Amino acid sequence: MSIQQQTTTIQLGAIMPPQGNPRTVFDASTIEGLADSIAQDGLLQNLVVARSRGKQFRIISGERRFRALQLLAERGDIANDFPVPVEVRGKLSKEDRLRLATVENVQREDLPPLDEAAAFAALIRKGTSLDDLAAKTGLSQSTIRRRLVLNDLCDEAKQALREGTVSLSQAEAMTLGDDGQQQSMLEEIARGYCEYSAADIREHMIDDRPSVAMAIFPMEHYQGTLTRDLFAADEASYFDDAEQFLELQRQAVEALAKDYEAKAAWVEITDNYSLSAWSYREAEEGEDSGVIINLAPSGRVEIREGLVSRDLDRNTAAALSEHPAAPKKQKPAYSAPLCRMIAWHKSAAVSELLLADARKAREVSVTAKLAGFTPHESVVKLSEQDEPGMSCDVLAMQVRLCAEWLGFAIDEDEDVWRQFAPSYRDARDLYEAVRALSDHQLEQVDILLSALSFGQDFCDRLDTQDSLFNRVARDLNTDMRNHWKPDRAFLEKRTRDQLLEIAIECGCADLYGIGTLRTYKKGELIGSLLRHFTGAFSADEPSEAQRKAKAWLPDAMHFPAIDPQAAAEEADAEDDETGALAA
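Residues numbered from 1 in each chain as written. Predicted model: local features only at pLDDT ≥ 70, side-chain atom pairs only at ≥ 80, totals over all residues. Heavy atoms only, no water.

> Would you mind showing me how to read the overall build of the protein here?
Within the protein, the secondary structure is distributed over 26 helices and 11 strands. Buried residues in the protein amount to 37% of all 583 residues. Nonlocal contacts in the protein, meaning residues at least 24 apart in sequence, comprise 68% of its contacts between residues at least 6 apart. For the protein, the exposed surface amounts to about 34500 Å²; the carbon and sulfur share of it is 49%. (Helix = DSSP H or I, 4+ residues; strand = E, 2+ residues; numbered from the N terminus. Buried < 20%, exposed > 50% of the residue type's maximum accessible area, 1.4 Å probe, protein only. Contact = heavy atoms within 4.5 Å. Areas by Shrake-Rupley, 256 points an atom, 1.4 Å probe, with all protein chains shown as cover.)

Quick look at the structure:
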């Protein structure tokens, strides 16, 4: 659109101050100096105005000169009808007025940084490209970008910059952090204990340690260790495994974005050091709005809702995507897709060679198993019982032996299952420990890990199906009589009627008489059964009743388990079917 302009003179009294001037701060001394210059040499540069109501005109650029003329009129040096040379512009949009005023202020005298920042942001949001803004103002794109990020300062930091409490370079560095970090830094500067240079502030902002307070994921998902800072005011805890923390944060942010997608017009995820919300505007009532979620390199997450998306050209958006004060991201020598392809080929080659090296393949397998090892819940839970059982004792003994081979001592006073597998910070150290094993030791460790990780699925119910677990158990000719003996923990979980049935089946009733046993309380009944089972397993020449005890096994201890209730229901169904046929 062409802008119409006309040069003429207008009485000073017909000129009104501008609306929305990017400059909000005027130095009284410079205005006085400019007034003296105009009084001596006249107005060397025309004002730029646009028609307003009636015979009045509104200043577009030249407010400092207008204020100087007003000062001369107040002094009586010139009259209110003093003829002022002006350029009258027509057909100006709000964006044109803002652009002209901004350019004029920047070119004539340095605007305060925050005024420049606000003016540049307004122009960028209205669609002015970074290239055009640089050409019009004569400033480099780098300078404009550094001004723009000042819009991300918190109110306290902006005030500190205006008052000179912090320098411009310090303020630019502070924009790398969020509002909370900026406020903390201002407090540190105010204490005066240390001289914080812009470089110090920049390092402080980007080296934020991943703390528990940053996490937006459930803490139980984190499998690493934590370090507690006992010298911090709130004894903050920090994640030792930063990579795992960042991956969990990324997953949580993606899940959060999906939740927002159901209720927001748009969702954008960014990865800047701080959330750059200056280029968006707040949505008006009833207007579709979106959400920005920023996941900083430190893992800190910021969310801003109720925003209207910016409309930037591609080059400007790309130029503004990186924070000017942030460390420069070096372009990698190999792109991510090419890295993946190279990794695929290298991995396939190593896999091929492992086929021909059984020893090395087993070392890799054992290392991987140890790195992610979790024993089946059976050995962990049984170890917490007063009588873990024979099998659990055998497994614990083998674990201690394998741990010794790996150079890892098991504390005899602590639960073995809370100490195995050995914890290595680096997988390479674990690999070296495995490499040092003899062939026999390597085989035994491999077998142990396989055995400890295998067990019945869904232990909270009977496995009555032809499951993989039951098939393996049958192939091993597993007889629970050789691995388990009725103990107090088992008997206490049976009802009194069930205990009486056990007494009949195991021969205990043959010794005491079922009538006598029926008079016993549950505790007395359990004691009688335990004495009977103990005597039966220790007898050199067992009696008939003791042989029944040694042979007794609950239906649930078979492979697959037998559910007596289901069996009874099936028998009743067969009886009903037989009766129906007979009828």
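Read on for the rest.
> I would appreciate a short explanation of helix H19 (residues 468-475) in the present structure.
For an α-helix, 3.6 residues make a turn, and residues three or four places apart therefore share a direction. Of the positions making up H19, those classed as buried are Phe469, Asn470 and Ala473. Along H19, the residues classed as buried sweep out an arc of 95 degrees about the axis, all on the same side. Of the exposed residues in H19, the ones pointing more than 90 degrees away from its buried face are Leu468 and Asp475. Just beyond H19, the residue with positive phi is asparagine 477, at close to 55 degrees. (Arc of directions from axis to C-beta.)

> What exactly am I supposed to notice about the environment of aspartate 132 here?
Among the secondary structure elements, aspartate 132 is positioned in helix H5 (residues 130-137). For the pair formed by aspartate 132 and threonine 316, sequence separation is 184 residues and the distance between their alpha carbons is 9.9 Å.

> Is there a simple way to explain the pattern of salt bridges in this structure?
This structure, assessed with the given rule, holds 21 salt bridges. For arginine 471, the salt bridge identified is with aspartate 466, shortest N-O distance 3.0 Å. With a relative accessible area of 46%, aspartate 466 lands in the partly exposed category. In this structure, the salt-bridge partner of glutamate 544 is arginine 547, at a minimum N-O distance of 2.8 Å. Here glutamate 544 pairs with arginine 547, and both are found in helix H25 (residues 544-551), just three residues apart, close to one helical turn. You can call glutamate 544 partly exposed: its relative accessible area is 48%. Judged by relative accessible area, arginine 547 falls into the partly exposed class, the value being 44%. (Salt bridge = Lys/Arg side-chain N within 4 Å of Asp/Glu carboxyl O.)

> Where do I start with the sheet that holds strand S8 (residues 266-270) in this structure?
Consider a sheet: its strands pair through backbone hydrogen bonds, and that pairing is either parallel or antiparallel. Sheet architecture is open: four strands sit in the order S8-S10-S11-S9, paired in mixed fashion. Since the sheet does not close on itself, it has two edges, and those belong to S8 and strand S9 (281-282), each with one partner. Pairing of strand S10 (residues 290-295) with strand S11 (residues 301-308) involves five bridges; the strand directions are antiparallel. Paired with isoleucine 293 across the bridge in S11 is isoleucine 303. Each of S8, S10 and S11 is contacted by helix H11 (residues 242-261), which is oriented at about 180 degrees to S10, the strand it contacts most. (Pairing = 2+ DSSP bridges. Axes fitted to C-alpha atoms, helices over the stretch in contact; angles between N-to-C directions.)

> Even after reading the chapter, I still don't get the nonpolar core, so can you show me in this structure?
Judged by nonpolar contacts, the single largest core of 24 residues is most densely connected at Val366, Leu370, Val399, Trp417, Phe420, Leu449 and Leu452. For this core, the secondary structure elements donating two or more residues are helix H14 (358-371), helix H16 (390-405), helix H17 (427-435) and helix H18 (439-453). What leucine 449 contacts, discounting residues up to four positions off in sequence, is Val366, Lys369, Leu370, Phe373 and Phe420. With 23 residues, the next largest nonpolar core counts Ile502, Cys506, Cys508 and Ala549 among its residues. (Core = buried A, V, L, I, M, F, W, Y, C linked by side-chain atoms within 4.5 Å.)

> Would you mind showing me how to read the side chain of serine 298 here?
Turning to its location among the elements, serine 298 is positioned in the loop between S10 and S11. Within the structure, serine 298 has its side chain in polar contact with the backbone nitrogen of arginine 300 (distance 3.4 Å). (Polar contact = N/O pair within 3.5 Å; in protein donor to acceptor, adjacent residues only side chain to side chain.)

> What is the right way to read the side chain of arginine 58 from this model?
Positionally, arginine 58 belongs in strand S4 (residues 57-61). There is no salt bridge for the buried arginine 58, and the closest opposite charge comes from glutamate 63, which lies 9.2 Å off by N-O distance. A polar atom in the side chain of arginine 58 sits 2.8 Å from the backbone oxygen of proline 17. (Lys, Arg positive; Asp, Glu negative; His and termini not counted.)

> How should unusual backbone geometry be read in this particular structure?
Peptide bonds are mostly trans, and most non-glycine residues show a negative phi. Here the bond from phenylalanine 559 into proline 560 is cis, since omega is 0 degrees, no more than 30 degrees from zero. The residue proline 560 is located in the loop between H25 and helix H26 (564-582) in this model. Of note in this structure, phenylalanine 458 is not a glycine but carries a positive phi near 50 degrees. Of note, phenylalanine 458 is situated in the loop between H18 and H19. Accessibility expressed as a relative area gives 56% for phenylalanine 458, which makes it exposed. Phi at asparagine 477 takes a positive value of approximately 55 degrees, unusual for a residue other than glycine. Structurally, asparagine 477 is set in the loop between H19 and helix H20 (488-491).

> In this structure, what is going on with the packing of aromatic side chains? I would like to understand it.
Aromatic rings in a pair are described by how distant their centres are and how their planes are angled relative to each other. Enumeration according to the criterion identifies 10 aromatic pairs in this entry. When the centroid spacing of 4.8 Å and the interplanar angle of 80 degrees are considered together, the rings of tyrosine 222 and phenylalanine 239 count as edge-to-face. Here tyrosine 222, found in the loop between helix H10 (198-206) and strand S6 (226-228), pairs with phenylalanine 239, found in strand S7 (residues 237-239); they are 17 residues apart in sequence, far enough to count as distant. Each member of the pair, tyrosine 222 as well as phenylalanine 239, carries the same accessibility label: buried. Grouped by ring-pair contacts, the aromatic residues Phe217, Tyr222, Phe239 and Phe245 constitute a single cluster. The ring of phenylalanine 458 has arginine 461 sitting right over it, with the charged end atom 4.6 Å from the ring centre. (Phe/Tyr/Trp six-rings, centres within 6.5 Å; stacked < 30°, edge-to-face > 60°. Lys NZ or Arg CZ within 6 Å of the ring centre and 35° of its normal.)

> Before we go on, may I ask you to explain H25 in this structure?
When we look at burial in H25, the residues that qualify are Ala545, Gln546 and Ala549. Projected down its long axis, H25 carries its buried residues within an arc of 95 degrees, all on one side.

> Honestly, a negative patch on the surface in this entry has me stumped. Any pointers?
A cluster of acidic side chains, namely Asp497, Glu501, Glu505 and Asp555, defines a negative patch on the protein surface. Inspection of the secondary structure puts glutamate 501 in helix H21 (residues 496-505). We classify glutamate 501 as partly exposed; its relative accessible area is 49%. (Patch = residues over 30% accessible without salt bridge, like charges linked within 9 Å, V, L, I, M, F, W, Y side chains within 5 Å. Charge placed at Lys NZ, Arg CZ, Asp CG, Glu CD.)

> Would you mind showing me how to read the pairing of S4 here?
Two faces belong to every sheet, and in a regular strand the side chains alternate between them. Burial analysis of S4 places five of its five residues in the buried class, the great majority of the element. As judged from the two bridges shared by strand S2 (residues 15-16) and S4, these two strands associate in the parallel manner. Bridge pairing in S4 links isoleucine 15 to phenylalanine 57. With four bridges joining them, strand S3 (residues 47-51) and S4 adopt antiparallel strand pairing. Among the inter-strand pairings, arginine 51 is bridged to a residue of S4, identified as phenylalanine 57. The antiparallel hairpin formed by S3 and S4 contains five residues in its connecting segment, where glycine 54 sits at a positive phi of about 60 degrees.

> How do you make sense of a nonpolar patch on the surface when you look at a structure like this?
A contiguous nonpolar patch, built from Tyr334, Leu338, Met341, Ile342 and Trp344 and spanning about 520 Å² of accessible area, is present on the exposed surface. Looking at where tryptophan 344 falls in the secondary structure, it is placed in helix H13 (residues 336-355).

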